[in-house]
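# Survey of secondary and tertiary structure
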Amino acid sequence: MAKRRVAWMWAAWTLAASGCTTLVGLDDGYHLVEGAGGASGETGGGLSSASAMGGTASPGTGGDEGSVPEDVDLIDDMEDGDNAIDEASGRVGYWYSYNDGTGTQTPPDSSEEPPVGFVPEALTPPRGQSTMAVHTFGSGFTEWGAGVGFALNGPDMGLFPYDASAYAGIVFWARLGDAGAAATVKVNVSDKSSEPAGGICDESAGEGEPDRCFDHWSYIAPLGAEWALIVIPFAELTRAGSGAEPTAQAVDVAGLYTIDFGFAQGEDFDVFIDDVGFYR
C-alpha cells in the first residue's frame, strides 16, 4: 500500500510544478452549481433534477431512490483539465491513480517511471454542458486491484485530516465506459481510524486483526451504460474489518483524508467519474 501513497505524492508534485487553476461549478443545469451565501471561493447550492442533467439518480441512495441533493459543495467538476480538485471550503488535493503493479491501467499508476501526469479526459459526446471527466480503465490485476482518487487536504505533498462534519455524504456522476466492465465501483473513504496519518490504526496488524490500516470505509455503487447520479450518505459507509470487527463503529467525518474509486483483483474495469461533491 506504500505505493499508493507515492502515487498521491507524485500527483501533488506535478500539479505544484505546473501551477493550479480553480473553477467553480457551472450554473448550466448539468453541473453542480455555485451556492448563494457561501464564502468567496466556496461552492454549493442546488442540483437540478437528475433527468435534466443527462442521467438518473442511482438506486441505493439512502432509502430515497431518485432523490437529488439540493445543497451540494463541489469538490471537482474536472472542467479545468488539471489534476487538482477545486480549492474551496478549505480543501486542496490532487487526483492520482494506483494499482498493485500486476496488470495494466490507464491512466498509469502515478508512481510509475517515467511518471505520467493525471489529467481528466474530454467527453465525446459531452454530458450536457460537462466536457471533462475522470476516466480510468484496466485489467489483469491479481493481488488487490486498482483505482483512482484524491486527497481532501494535501498541501505541499502532505496529508492532513479534513473536517467534513458539515456534510451528510458524497455525491457524484458515473457511467461505464465499456458495457462488459465491472458493474460496480467501491467508493473508499479514509479517516483517522483507517489512514496511517491519523495515528490510530496499526500498520503492523495482520490480515483479520482489528484496526488494520487501509481498511477504509466504503460503499459499493452500481454502474450502468448511462450516466447516473450516485448519492452516498456517510451513515451508509461500512468498514470490512479485514475479517475482524474494527474498534471504530462509524466513519469519523471530522477527520477524512482521501476519497477513491476502486476495483478488486480480477475485475476488468472502465468507468467515468464526474462532478464529485459533498452534500448537506
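Everything numeric here is computed off the predicted structure, so don't read it as measured data.

The next subject is the overall build of the chain. Per the secondary structure count, the chain includes one helix and 14 strands. Here the chain holds 280 residues, and the buried ones make up 52% of them. Long-range contacts, defined here as pairs at least 24 residues apart, represent 77% of the contacts in the chain between residues at least 6 apart. Carbon and sulfur atoms form 52% of the exposed surface of the chain, whose accessible area is close to 11100 Å².

The subject of this paragraph is the state of the cysteines. This model, assessed by the stated rule, comprises one disulfide. With its sulfur 2.0 Å from that of its partner, Cys201 forms a disulfide with Cys213. An S-S torsion of about 90° defines the bridge between Cys201 and Cys213 as right-handed. Of this pair, Cys201 sits in the loop between strand 9 (184-191) and strand 10 (217-222) while Cys213 sits in the loop between strand 9 and strand 10, and the two are 12 residues apart along the sequence. Accessibility expressed as a relative area gives 12% for Cys201, which makes it buried.

What follows concerns the pattern of salt bridges. Applying the stated criterion to the full structure yields six salt bridges. Across the salt bridge formed by Arg127 and Asp275, the nearest N and O atoms sit 2.8 Å from each other. In this pair, Arg127 is assigned in strand 5 (residues 121-127) and Asp275 in strand 14 (residues 269-279), connecting sequence segments 148 residues apart. The pair formed by Arg127 and Asp275 is uniform in burial state, with each residue classed as buried. For Arg239, the salt bridge goes to Asp215, with nearest N and O atoms at 3.3 Å. In this pair, Arg239 sits in strand 12 (residues 238-239) while Asp215 sits in the loop between strand 9 and strand 10, placing the two residues 24 residues apart along the sequence. Classification of Arg239 as buried rests on a relative accessible area of 8%. Connected through shared salt-bridge partners, Asp71, Asp73, Arg91 and Arg280 make up one network.

Trp95, Phe172, Ile259, Phe261 and Phe278 are the most contacted members of the largest nonpolar core, which has 42 residues in total. Of all the elements in the fold, those that place two or more residues in this core are strand 6 (130-139), strand 7 (146-151), strand 8 (169-176), strand 9, strand 10, strand 11 (228-233), strand 13 (256-263) and strand 14. With five residues, strand 14 is the single largest residue contributor to this core. Apart from the residues lying within four places of it in its own chain, the contact partners of Phe261 are Trp95, Tyr98, Ala146, Gly147, Val148, Phe150, Phe172, Val185, Lys186, Val187, Ile273 and Val276.

Along the polypeptide, Trp217 turns up in strand 10. Residues Trp217 and Ser193, 24 residues apart in the sequence, show an inter-C-alpha distance of 9.4 Å. The residues contacting Trp217, other than those within four sequence positions of it, are Val187, Asn188, Val189, Asp191, Ser193, Leu237, Thr238, Arg239, Ala248, Gln249, Ala250 and Val251. Side chain to side chain, Trp217 and Ser193 meet in a polar contact 3.4 Å long.

On to the pairing of strand 9, then. By the criterion of burial, strand 9 is predominantly enclosed, with six of the eight residues buried. The sheet contact formed by strand 9 and strand 10 spans six bridges and is antiparallel. Of the residues in strand 10, the one forming a bridge with Asn188 is Ser218. By the bridge criterion, five bridges tie strand 9 to strand 13 in an arrangement that is antiparallel. Considered in strand 13, the bridge of Val189 is made with Ile259.

What follows is about the confidence of the model for the chain. Of the residues in the chain, 73% reach a pLDDT of 70 or more, and the chain-wide mean stands at 78. Throughout residues 1-54 the model reports pLDDT below 50, and contacts reaching past four residues in sequence, or to other chains, amount to 140 contacts. This stretch, residues 59-66, has a pLDDT under 50; its non-local contacts, to residues over four places away or in other chains, come to 14 contacts.

So, about the sheet that holds strand 9. Read from one edge of the open sheet, six strands run 3-7-13-9-10-12, paired in antiparallel fashion. Looking at which strands have only one partner, the edges of the open sheet turn out to be strand 3 (95-99) and strand 12.

Conventions adopted
Residues numbered from 1 in each chain as written. Predicted model: local features only at pLDDT ≥ 70, side-chain atom pairs only at ≥ 80, totals over all residues. Heavy atoms only, no water. Helix = DSSP H or I, 4+ residues; strand = E, 2+ residues; numbered from the N terminus. Buried < 20%, exposed > 50% of the residue type's maximum accessible area, 1.4 Å probe, protein only. Contact = heavy atoms within 4.5 Å. Areas by Shrake-Rupley, 256 points an atom, 1.4 Å probe, with all protein chains shown as cover. Disulfide = S-S within 2.5 Å. Salt bridge = Lys/Arg side-chain N within 4 Å of Asp/Glu carboxyl O. Core = buried A, V, L, I, M, F, W, Y, C linked by side-chain atoms within 4.5 Å. Polar contact = N/O pair within 3.5 Å; in protein donor to acceptor, adjacent residues only side chain to side chain. Pairing = 2+ DSSP bridges. pLDDT = per-residue confidence, 0-100.

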